[in-house]
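Summary of structural features
Residue-level listing of the chains:
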Amino acid sequence: MASLPKRVARAVVPRAVRNWLRSPARAIGRAWSDGLARAGFVTRVGMRPGWDIRSHPGAYRFAYHAQDDDPEQVAEFDQFIRTCTPGMVLFDIGAHFGLFSLAALHYGGAAARATAVDPSPLACRVVRFQAAANGAAGRLTVIQASAGEVAGRQPLVAAGIGSAGYFVRPDGDHPPAEQIEVDVVSIDGLVERAVSRPTHVKVDVEGYELSVLRGGTRLFTSTDPPVVFLELHGDLIRSAGGDPSACLHLLAGWGYEVADVYGNPLSASAADHPLIRLVATKAVKS
């Protein structure tokens with residue numbers, strides 16, 4: 001339960017204002033970069049040797065830098081690039097600013113396609129900007145929605161400037177006025193709507209991993225299963241009363257072999273991590 005001053009602040013000060021006040025310098029930087037983007041300015045970002053992105057002015061500062069600065073995210077992203085194949089199809093679930101989608105379209109060649117799913121209006125706006133700036137709007141579909149086991153609606157909370165536009169699970173301290181109802185799609189539902197089946201699925205959904213995976217049961221148990229890149233948010237899952245190991249048991253039951261982003265077989269303590277990034281692959285029977 002939040003303290004009395006915090007409860008009073010939540011009742012009196014709108015969430016958007018509180019988010020701004022938590023990090024005014026970051027908020028000003030975000031507003032400035034968005035203004036530049038609306039004016040048509042782009043920056044050029046070299047993400048990997050031989051691959052430059054024409055980018056929203058704030059995308060690297062607020063998101064993409066992690067794929068250069070954080071060792072585990074660097075390893076995850078480089079492993080993803082190594083798995084990219086000509087003509088690949090990516091479902092980018094929890095796409096945020098869409099870096100994995102852009103990588104799929106670059107390394108997968110002209111026939112590659114990506115579908116970016118994210119509930120954040122900010123994230124979707126940036127992904128659309130990136131797609132247009134890089135001439136990929138016709139190959140990158142953006143869906144503003146959350147992902148789950150079944151289609152419908154669910155409440156989420158905007159985490160604020162400090163989280164670069166993420167939406168997260170509400171807790172008991174978030175009154176209904178702070179919650180936003182968003183559409184929910186399932187992976188299997190996306191497969192039914194898509195022209196092509198995904199060869200790759202990336203899941204980064206801030207603690208909703210189990211329901212998202214269950215929503216793709218038909219795809220993941222099919223004879224042509226995709227490679228799965230999964231960010232397992234153990235602490236967020238536990239804080240909501242769940243068990244992170246349930247995701248690992250589900251993948252194992254489907255016949256997937258799971259390793260960390262460095263290629264090491266999954267350890268017994270993987271589900272104990274606050275957050276761990278995993279790669280799941282399944283041998284296809286001939």
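This report concerns the structure included in the present document. (Residues numbered from 1 in each chain as written. Predicted model: local features only at pLDDT ≥ 70, side-chain atom pairs only at ≥ 80, totals over all residues. Heavy atoms only, no water.)

Points about the packing of aromatic side chains
- Under the defined criterion, the tally for this structure stands at seven aromatic pairs.
- Consider the rings of Phe-77 and Phe-100, whose centres lie 5.2 Å apart with planes at 75 degrees: the pair is edge-to-face. Of this pair, Phe-77 sits in helix H6 (residues 71-83) while Phe-100 sits in helix H7 (residues 99-107), and the two are 23 residues apart along the sequence.
- According to the relative accessible area criterion, Phe-77 is buried, its value standing at 0%.
- You can call Phe-100 buried: its relative accessible area is 5%.
- Taken together, Trp-51, Phe-77, Phe-80, Phe-100, Tyr-107 and Phe-229 form an aromatic cluster joined through their ring pairs. (Phe/Tyr/Trp six-rings, centres within 6.5 Å; stacked < 30°, edge-to-face > 60°. Helix = DSSP H or I, 4+ residues; strand = E, 2+ residues; numbered from the N terminus. Buried < 20%, exposed > 50% of the residue type's maximum accessible area, 1.4 Å probe, protein only.)

Thoughts on the pairing of strand E1 (residues 43-48)
- Of the pairings in the sheet, the one linking E1 to strand E2 (residues 51-55) comprises five bridges and is antiparallel in character. By the bridge assignment, Val-45 is partnered in E2 with Ile-53. (Pairing = 2+ DSSP bridges.)

Comments concerning the sheet that holds strand E9 (residues 180-185)
- Spatial strand order, E6-E9-E7-E8: four strands in an open sheet with mixed pairing. Pairing within the sheet leaves two strands with one partner each, and these edge strands are strand E6 (146-147) and strand E8 (167-168).
- Two elements, strand E7 (residues 152-158) and E9, share five bridges in a ladder whose sense is antiparallel. When the bridges of E9 are listed, Arg-153 appears paired with Asp-183.

Comments concerning the side chain of Glu-76
- As for its position among the elements, Glu-76 is in helix H6.
- You can call Glu-76 buried: its relative accessible area is 1%.
- Polar contacts involving the side chain of Glu-76 include one to the side chain of Arg-277, which spans 3.4 Å.
- If near-sequence neighbours (up to four positions away) are discounted, Glu-76 is found in contact with Phe-100, Phe-229, Glu-231, Val-261 and Arg-277. (Polar contact = N/O pair within 3.5 Å; in protein donor to acceptor, adjacent residues only side chain to side chain. Contact = heavy atoms within 4.5 Å.)

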